[in-house]
Amino acid sequence: MEYRHDRPALLVYLGTLMAEAATQLAQLNGNGRPDGLHERFLGWARARDGRMFHVNHEPGAEIHHTDPFAVPVDRRSPVRRLRGRLAAPVTLWTAPGPAGLTVSSTLVAEGEPDRLLGLIDPESDLWAAVEETRRFAVTPLSPSHRQLADRFAGLFPSPGGLFATGTWTQTDYGPVPSDAGGWAGCRLDNAREYGWGLLVEATIETVELAEETDPLLHYRGRYRELT
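Everything numeric in this text was worked out from a predicted model, so none of it was measured.

J.: Any chance you could explain the sheet that holds strand 4 (residues 91-95) here in plain terms?
T.: Strand pairing within a sheet occurs via backbone hydrogen bonds; the two strands may be parallel or antiparallel. In space, the seven strands of this open sheet follow the order 5-4-8-11-12-7-6, with antiparallel pairing throughout. Since the sheet does not close on itself, it has two edges, and those belong to strand 5 (99-103) and strand 6 (106-109), each with one partner. Between one strand axis and the next, the sheet turns by 30° as a mean value, whatever way the strands run.

The following block contains the structure:
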């Protein structure tokens, strides 16, 4: 009931409990990393069709497949609904500082030179770092990076800072996850307001590719995988 009007706060709270459980379970299991905690702690907050479970607060009520925060269908923006039907790759943008942000609107354009476009939050720490250093790294994420994506999207707690957990490789363009299948180093060319976001235009200066992995996708408000 406390979080029924604040979904982000609910997810942060559940993420805190998940982090505590992961530590305790690892201690009980010989420091082995427990599996499936993300789905068990955070997955219940959404139904399989992408809607959020909530509790009917009437006496004797049950859990229902409805979202108390959802805008009625006849009042939803058709453009937003259209955008929700477009599957997008989930990427992590990082910059010296360090700073980082999960981005699901990244486009690569081949040419001479090769270019990269993306829409980001102009109020983010990432943009402040990119604006200062004029360079950043873009890493395509895989299904194993779900928790990392939530952390850099502000949906998962990050005690000690965003880069405090995980293994990172330091580059001139910013830290990149060491287990990533590859990354691109970019130089900022231009940025301008575009819709509610900031359209960033950059030149790709270097590309490092490792073993190819399946992409993590964002579709209708949820992470998806190739099937």
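Read on, since the account is not over.
J.: Any chance you could explain the side chain of Thr139 here in plain terms?
T.: Structurally, the position occupied by Thr139 is in strand 8 (residues 135-140). Sequence-distant contacts of Thr139, defined by excluding residues within four places in its chain, comprise Val90, Thr91, Leu92, Val176, Pro177, Ala180, Gly182 and Trp183.

J.: What is the right way to read the sheet that holds strand 3 (residues 88-89) from this model?
T.: Taken together, three strands build an open sheet; the order of strands is 3-13-14 and the sheet is antiparallel. Looking at which strands have only one partner, the edges of the open sheet turn out to be strand 3 and strand 14 (222-225). Sheet topology places strand 3 next to strand 13 (residues 216-219); two bridges connect them, and they run antiparallel. Looking across to strand 13, one finds that Pro89 is bridged to Leu217.

J.: Could you clarify how one ought to interpret the environment of Tyr173 in this entry?
T.: Structurally, Tyr173 is set in the loop between strand 9 (168-169) and strand 10 (176-177). Spatially, the C-alpha atom of Tyr173 lies 5.2 Å from that of Ala137, the residues being 36 residues apart in sequence. Among all residues touching Tyr173, those that are not within four sequence positions of it are Thr94, Ala95, Pro96, Arg135, Phe136, Ala137, Trp183, Gly185, Cys186, Glu205 and Thr206.

J.: Which parts of the structure should I look at to understand the nonpolar core?
T.: One recurring pattern in soluble globular proteins is that nonpolar side chains are buried together. Counting residues in hydrophobic clusters, the biggest one holds 20 residues, and the most contacted among them are Trp93, Ile120, Phe136, Cys186 and Val200. Contributing elements (two or more residues each) for this core: strand 4, strand 5, strand 7 (115-120), helix 4 (125-133), strand 8, strand 11 (182-194) and strand 12 (197-209). By size, the runner-up hydrophobic cluster in this structure holds ten residues, among which are Leu92, Leu148, Ala149 and Trp168.

Criteria and cut-off values
Residues numbered from 1 in each chain as written. Predicted model: local features only at pLDDT ≥ 70, side-chain atom pairs only at ≥ 80, totals over all residues. Heavy atoms only, no water. Pairing = 2+ DSSP bridges. Helix = DSSP H or I, 4+ residues; strand = E, 2+ residues; numbered from the N terminus. Axes fitted to C-alpha atoms, helices over the stretch in contact; angles between N-to-C directions. Contact = heavy atoms within 4.5 Å. Core = buried A, V, L, I, M, F, W, Y, C linked by side-chain atoms within 4.5 Å. Buried < 20%, exposed > 50% of the residue type's maximum accessible area, 1.4 Å probe, protein only.

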